[in-house]
Amino acid sequence: MFEQVKLDYAFADLEPCIDTLTMETHYGKHHATYTANLNAAAEKAGVADKPIEEVLSSLDSIADPAVRTAVRNNGGGFYNHNLYFANFSPNAAKAAEGKLAAQIDKQFGSLENLKEELTKKAVGQFGSGWAWLSANASGELKVSNSLNQDNPLMDGEGYIPLLALDVWEHAYYLKYKNLRAEYIKAYFEVLDWKKVSERYESLG
Ligand code: MN3
């Protein structure tokens, strides 16, 4: 049984950056639906007892194409949103810490440069999708984007997501309408770099 991440903040706590109605709809409806649909599809695929990371890294092992697509879309939707919501905080740390801070400086020069790269990928994602910061087993960072509910686990390159930036319209349309770039700025106001830094350390 796959379960939605429990939030350590209330829906209203991310105001005004992420509004309450969007949180209620996004977590309570969209994410809940992906999770329910994943549980049904994973049962059919015989992967309900596996860790989600393993399921998404080995989609080719699901023989039935329709079931495989259902696991890909809903499993992605489940995993991606768990990471997206878990990384928010009303008291978000605005700077990376420890090993992650050092690696960001090494590869990108500064956190501001990294945020610019992420913003470019997020703004440039045509249609629905995500922007990502991921790390591989050597600790190297990578910025990327993906279509629909796909994520770096599905690429088979050994990168594990640290940060997930949802650019589906449902993530921002109620408040920001067509202004995706405004939403992305607001996203960074409530993205907790302490949580992202801890996640990086936990992988290493
Ligand atoms: Mn979403």
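Keep in mind it's a predicted model, so treat the numbers as computed, not measured.

Side note on the overall build of the protein
So, point 1. The helix and strand tally for the protein stands at eight helices and three strands.
So, point 2. Going from N to C terminus, the protein has its helices and strands arranged as α-α-α-α-α-β-β-β-α-α-α.
So, point 3. Taking 2.2 N^0.38 as the reference for a compact globule, 204 residues should give roughly 17 Å; the C-alpha atoms of the protein span a radius of gyration of 16 Å, in line with that estimate.
So, point 4. Counting only C-alpha atoms and orienting by the principal axes, one finds that the protein spans roughly 45 × 40 × 30 Å.
So, point 5. Scored against the burial criterion, the 204 residues of the protein give a buried share of 50%.
So, point 6. Look at the contacts in the protein between residues 6 or more apart in sequence, and 69% of them connect residues 24 or more apart.
So, point 7. Looking at the protein as shown, the accessible area adds up to about 9700 Å², and 52% of this sits on carbon and sulfur atoms.
So, point 8. For the protein, the centre of its 20 positive side-chain charges and the centre of its 28 negative side-chain charges are spaced 2 Å apart.

What to know about the packing of helix H1 (residues 20-45) against helix H3 (residues 65-86)
The packing of two helices is summarised by the inter-axis angle and the distance between the axes.
So, point 1. With their axes 8 Å apart at the nearest point, H1 and H3 run at an angle of 140° to one another. Comparing the axis directions of H1 and H3 gives the class oblique. Note on packing geometry: the crossing formed by H1 with H3 is left-handed. Residues Met23, His26, Tyr27, His31, Tyr34, Thr35, Asn37, Leu38, Ala41, Ala42, Lys44 and Ala45 of H1 lie in contact with H3, whose contacting residues are Val67, Ala70, Val71, Asn73, Asn74, Gly75, Gly77, Phe78, His81, Asn82, Tyr84 and Phe85.
So, point 2. Classifying every residue of the contact of H1 with H3 by side-chain character gives 13 nonpolar, 10 polar and one charged.

With respect to the packing of aromatic side chains
So, point 1. Applying the stated criterion across every chain, the model contains 12 aromatic pairs.
So, point 2. Ring geometry for tyrosine 187 and phenylalanine 188: centres 5.3 Å apart, planes at 80°, overall edge-to-face.
So, point 3. Accessibility expressed as a relative area gives 5% for phenylalanine 188, which makes it buried.
So, point 4. An aromatic cluster is built from Phe11, Tyr27, Tyr84, Phe85, Phe88, Trp130, Trp132, Tyr187 and Phe188, whose rings are joined through pairwise contacts.
So, point 5. If you follow lysine 142 out to its NZ or CZ, it ends over the ring of tyrosine 159, 5.2 Å from the centre.
So, point 6. Lysine 175 extends its terminal NZ or CZ atom over the ring of tyrosine 176, reaching a point 5.6 Å from the ring centre.

With respect to the coordination of the manganese ion
Each pair of donors in an ideal octahedron of six around a metal sits at 90 or 180 degrees, and each pair in an ideal tetrahedron of four sits at 109.5 degrees.
So, point 1. Ligation of the manganese ion by protein atoms is provided by His26 (NE2), His81 (NE2), Asp166 (OD) and His170 (NE2), these donors lying 2.0 to 2.1 Å from the ion.
So, point 2. Sequence spacing of the donors to the manganese ion: H-x54-H-x84-D-x3-H. With histidine 26 in helix H1 and aspartate 166 in strand E3 (residues 160-166), this residue pair connects regions lying 140 residues apart in the sequence.
So, point 3. A relative accessible area of 1% places histidine 26 in the buried class.
So, point 4. According to the relative accessible area criterion, aspartate 166 is buried, its value standing at 0%.

Points about the pairing of strand E1 (residues 129-135)
Within a regular strand, side chains alternate between the sheet's two faces.
So, point 1. Taken across its seven residues, E1 has seven buried, putting it largely inside the fold.
So, point 2. Judged by which residues are buried, E1 turns out to be covered on both faces: Gly129, Ala131, Leu133 and Ala135 on one side and Trp130, Trp132 and Ser134 on the other are all buried.
So, point 3. Hairpin connection of E1 to strand E2 (residues 141-147): five residues between the antiparallel strands, including glycine 139 at a positive phi of 85°.

Conventions adopted
- Residues numbered from 1 in each chain as written.
- Predicted model: local features only at pLDDT ≥ 70, side-chain atom pairs only at ≥ 80, totals over all residues.
- Heavy atoms only, no water.
- Helix = DSSP H or I, 4+ residues; strand = E, 2+ residues; numbered from the N terminus.
- Rg over C-alpha atoms; globule rule 2.2 N^0.38 Å.
- Buried < 20%, exposed > 50% of the residue type's maximum accessible area, 1.4 Å probe, protein only.
- Contact = heavy atoms within 4.5 Å.
- Areas by Shrake-Rupley, 256 points an atom, 1.4 Å probe, with all protein chains shown as cover.
- Lys, Arg positive; Asp, Glu negative; His and termini not counted.
- Charge placed at Lys NZ, Arg CZ, Asp CG, Glu CD.
- Axes fitted to C-alpha atoms, helices over the stretch in contact; angles between N-to-C directions.
- Parallel < 35°, antiparallel > 145°, perpendicular 65-115°, else oblique.
- Left-handed = near helix turned anticlockwise from the far one by under 90°.
- Nonpolar A, V, L, I, M, F, W, Y, C, P; charged D, E, K, R; others polar.
- Phe/Tyr/Trp six-rings, centres within 6.5 Å; stacked < 30°, edge-to-face > 60°.
- Lys NZ or Arg CZ within 6 Å of the ring centre and 35° of its normal.
- Donors = N, O, S within 2.8 Å, 3.2 Å for Na, K, Ca; no water.
- Pairing = 2+ DSSP bridges.

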